[in-house]
Amino acid sequence: MTLYSLATIADQLAARGGHEKLAQLAMLLMSTANAEIEALNTRSYDGALSRCRVVLAALFGEPEGRSFDVKFWDGSIDRGNNPRSPFTLVLNRPASLRRMLLPPNELSVVESYISGDVEIEGSMEAASKLAEMIGDRLRSPLAIARLVGLVVRLPGSADDDLADARFPERARKLGPRHTPVRDAAAIHFHYDVGNSFYKLWLDRRMVYSCAYFHSEQDSLDVAQEAKLDLICRKLRLKPGERLLDIGCGWGGLVMYAAEHYGVDATGITLSQNQVNYAKERIAESGVDDRCRVAIRDYRTLTESDNFDKIASVGMVEHVGLTHLPVYFESVFRALKPGGLFLNHGIVSLGEARPKPVSEKVFRKFWKADAFIDKYVFPDGKLTATDDVIAAAEGSGFEVRDIESLREHYAMTLRHWVKSLEEKSDEAKNLVGNHTFRVWRLYMSASANAFATAAINIIQTLLAKPDARGYSNIPLTRDDLYAAN
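Some details on the sheet that holds strand β2 (residues 77–78)
- In spatial order, the strands read β2-β1-β3-β4; together these four strands make up an open sheet with mixed pairing. Of all the strands in the sheet, just β2 and β4 (118–122) have a single pairing partner and so form its edges.

Brief notes about the state of the cysteines
- Going through the model one piece at a time under the given rule, you end up with zero disulfides.
- The cysteine Cys248 is free of any disulfide, with Cys291 supplying the nearest cysteine sulfur at 8.8 Å.
- On the accessibility criterion, Cys248 (6% relative accessible area) is buried.

Regarding the side chain of Gln274
- Tracing the chain through its elements places Gln274 in helix α14 (residues 272–285).
- What Gln274 contacts, discounting residues up to four positions off in sequence, is Tyr191, Asn195, Gly249, Trp250 and Thr269.

Observations concerning unusual backbone geometry
- Here the amide bond leading from Leu102 into Pro103 is cis, since omega sits at 0°, within 30 degrees of zero.
- Although it is not a glycine, Lys367 adopts a positive phi angle of roughly 55°.
- Here Lys367 is to be found in the loop between α16 (357–366) and α17 (370–376).
- A positive phi is found at Asp379, a non-glycine position, where the angle reads about 70°.
- The residue Asp379 is located in the loop between α17 and α18 (385–394) in this model.

Here's the deal with the pattern of salt bridges
- Using the criterion set out here, one finds 38 salt bridges in the structure.
- In this structure, Asp78 and Arg53 form a salt bridge, with 3.0 Å as the shortest nitrogen-oxygen distance. Taken together, the residues Asp78 in strand β2 and Arg53 in helix α3 (residues 48–60) connect sequence positions 25 residues apart.
- Its relative accessible area of 30% is what places Arg53 among the partly exposed residues.
- The partner of Arg296 in a salt bridge is Asp305, and the shortest N-O contact between them spans 3.0 Å.

Describing the environment of Gly380
- Summarising the element assignment, Gly380 is placed in the loop between α17 and α18.
- For Gly380 and Gly320, which are 60 residues apart along the polypeptide, the C-alpha to C-alpha distance reads 6.4 Å.
- Excluding anything up to four places from it in sequence, Gly380 contacts Glu317 and Asp373.

A few points about the packing of aromatic side chains
- Summed over the entire model, instances satisfying the criterion amount to 31 aromatic pairs.
- Taking the centre distance of 4.6 Å and the plane angle of 55° together, the rings of Tyr198 and Trp250 count as tilted. Taken together, the positions of Tyr198 in helix α11 (residues 195–201) and Trp250 in the loop between β5 (242–246) and α13 (252–261) put the pair 52 residues apart, joining distant regions of the chain. Like Trp250, Tyr198 is buried.
- A centroid spacing of 5.1 Å and a plane angle of 85° characterise the contact between Phe332 and Phe397, whose relative ring orientation is edge-to-face.

A closer look at α14
- Given a rise of 1.5 Å per residue, 14 residues ought to cover 20 Å, and the 20 Å separating the end C-alpha atoms of α14 matches this to within 8%.
- All buried positions along α14 are accounted for by Gln274, Val275, Tyr277, Ala278, Arg281 and Ile282.
- Structurally, α14 contributes buried residues whose contacts are with α10 (180–191), α11, α13, β6 (264–269) and β7 (291–295).
- Positive phi shows up at Gly286, right after α14, with a value of about 80°.

Things to note about the confidence of the model for the protein chain
- When pLDDT is averaged along the protein chain, the result is 89; 89% of the residues meet or exceed 70.
- Low confidence marks residues 1–11, where pLDDT is under 50. Its contacts with residues over four positions away, or in another chain, come to 18 contacts.
- Counting contacts from residues 28–45, a segment whose pLDDT is below 50, to residues more than four positions away or on other chains yields 20 contacts.

A word on the pairing of strand β8 (residues 307–313)
- Burial of β8 is extensive: seven of the seven residues sit out of reach of the surface.
- One ladder, built from four bridges, connects β5 with β8; its direction is parallel. Across the sheet, residue Leu244 finds its bridge partner in β8, namely Ile310.
- For β8 and strand β9 (residues 335–348), the ladder comprises six bridges, and the chain directions are parallel. Residue pairing in the sheet places Ile310 in a bridge with Phe341 of β9.
- Chirality of the crossover, the property in question, places the unit of β8, helix α15 (residues 324–334) and β9 among those that are right-handed.

Considering the packing of α3 against helix α7 (residues 130–137)
- At their nearest, the axes of α3 and α7 sit 8 Å apart, and the two run at 80° to each other. The angle between the axes of α3 and α7 places the two elements in the roughly perpendicular class. In this structure, α3 uses Ala58, Leu59 and Phe60 to contact α7, whose residues at the interface are Leu130, Met133, Ile134 and Arg137.
- Class assignment of the residues belonging to the contact of α3 with α7 gives a composition of six nonpolar, no polar and one charged.

Basis of the calculations
- One numbering rule holds for all chains: residues counted from 1, following each sequence as written.
- Residue-level local features of this predicted model are given only where pLDDT is at least 70; pairs of side-chain atoms are given and counted only at 80 or more, and the full residue set underlies all totals for whole chains, interfaces and linings.
- No hydrogens and no water enter the side-chain calculation; it runs on all heavy atoms of the structure.
- Two strands pair if DSSP finds at least two bridges between them.
- A run of H or I in DSSP counts as a helix once it spans at least four residues, and a run of E counts as a strand once it spans at least two, with each numbered from the N terminus.
- Working definition: a disulfide is two cysteine sulfur atoms within 2.5 Å of each other.
- Throughout this description, buried means an accessible area under 20% of the type-specific maximum (1.4 Å probe, protein chains only), exposed means over 50%, and partly exposed covers the range between.
- Contact criterion: two residues are considered in contact whenever any of their non-hydrogen atoms come within 4.5 Å of each other.
- Note on definitions: salt bridges are taken to be side-chain nitrogens of Lys or Arg within 4 Å of carboxyl oxygens of Asp or Glu.
- Pairing of aromatic rings covers Phe, Tyr and Trp, the last counted by its six-membered ring, and requires centre-to-centre distances within 6.5 Å; plane angles under 30 degrees mean stacked, over 60 mean edge-to-face, and any other angle means tilted.
- In this analysis, the expected span of each helix is defined as 1.5 Å times one less than the number of residues it contains.
- On a scale of 0 to 100, pLDDT captures the predictor's confidence in every residue.
- Note on handedness: a clockwise path from strand one over the helix to strand two, with the strands aimed away from the viewer, defines a right-handed crossover.
- Whenever a helix is involved, its axis is fitted only over the stretch in contact; in every case the axis is a line through C-alpha atoms, and angles between N-to-C directions fall within 0 to 180 degrees.
- For classification purposes, angles smaller than 35 degrees are called roughly parallel, those larger than 145 roughly antiparallel, those between 65 and 115 roughly perpendicular, and all remaining angles oblique.
- Only Asp, Glu, Lys and Arg are considered charged, only Ala, Val, Leu, Ile, Met, Phe, Trp, Tyr, Cys and Pro nonpolar, and every remaining residue, Gly among them, polar.

Listed below in structure tokens is the structure:
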């Protein structure tokens, strides 16, 4: 029993019975406890290293109870309980923890890594759980107050030096979220990092979306071609049909469909960098007579476009919940009666689940999703599966098939992260250290989110039945899995 506990008991007894001696005992015990705590504080806060260790213990427990190691700026290491620690948290200077935890929210944790105050050696995917671990410790005002009380005793401060990596505030002033001009700015921010940067870690076809693995031994090139082929099979593409790819990236799908399925393929995007590169690749591949890409917003699609089949791969995440009806209505307009639309996109598993008010308050305080909005996908917001389905059916589509590729995306992201890390020097030379760190963290954290079922990715096959109700779908899925 602690001195504080004994003092409290003595004080309560004195209050009940009016015993002067008990009251004196309580005062003595309390005084002794305060003296011991003051002495402990003096010892603990002698130097920056000791102060950091106190904060780390408050957040993660003592070193022997942690699953990871911590390395300090002086080279000393606090070993965790795992001889094969998945990662080491490196504090590069005495002020690193202050940068990481003040204010105490997810964005501060993330920005301490982007700035270089904190380094991660080992698995970034495993380390991406740090923010969640810290958040779990800060679920009460008392815990927050206690942590802040410890953190403010840490040395130093840091200037905000991350403006070069953030979505610029001037772009947010272009208009409300998901207006065409602001959507274009958001797309430019994410996709115009530079084609050379994406080439470092994407497959040879430059497909920036979830691959499809028949085996864990498949290379990324093989798995991405399998994904493109799966999309073509689900759409039941036939020679001579007109295919539209919304958000076509660097033209991987339209080129594959034109080469292997004989369709006339059009891709649209809002990224000029993607259009320029895709046009070069199309010309080199010799399919420019039946394959093209252009700058175009999905909202400009009309009935006169009259496509037989439409695909959208990794585009719906940029649309936003309030614009889902507009998105599906635009696609429905541009599709022939009897046509098929394959919508491939990430969804949130948590959005559909009820949340108590306390959780909503905490997420706002914790600045959940602020990293993605500021540094990765500005204005993007994942929606629940039922929101996607409701908007599609509300626009006139019939849902014919839904398939989750969650595990496939975790595997895809791990391939990307591995390639990016292996070519880190080249990447930093191309985009700078801050942007390299943003992408390493974003893709690693996404791999963890898919692997742990925090988010999902679904392919939804939608039909636009003709006047007779014909949907151009076979009775079974046998054709999807038949040998090429």
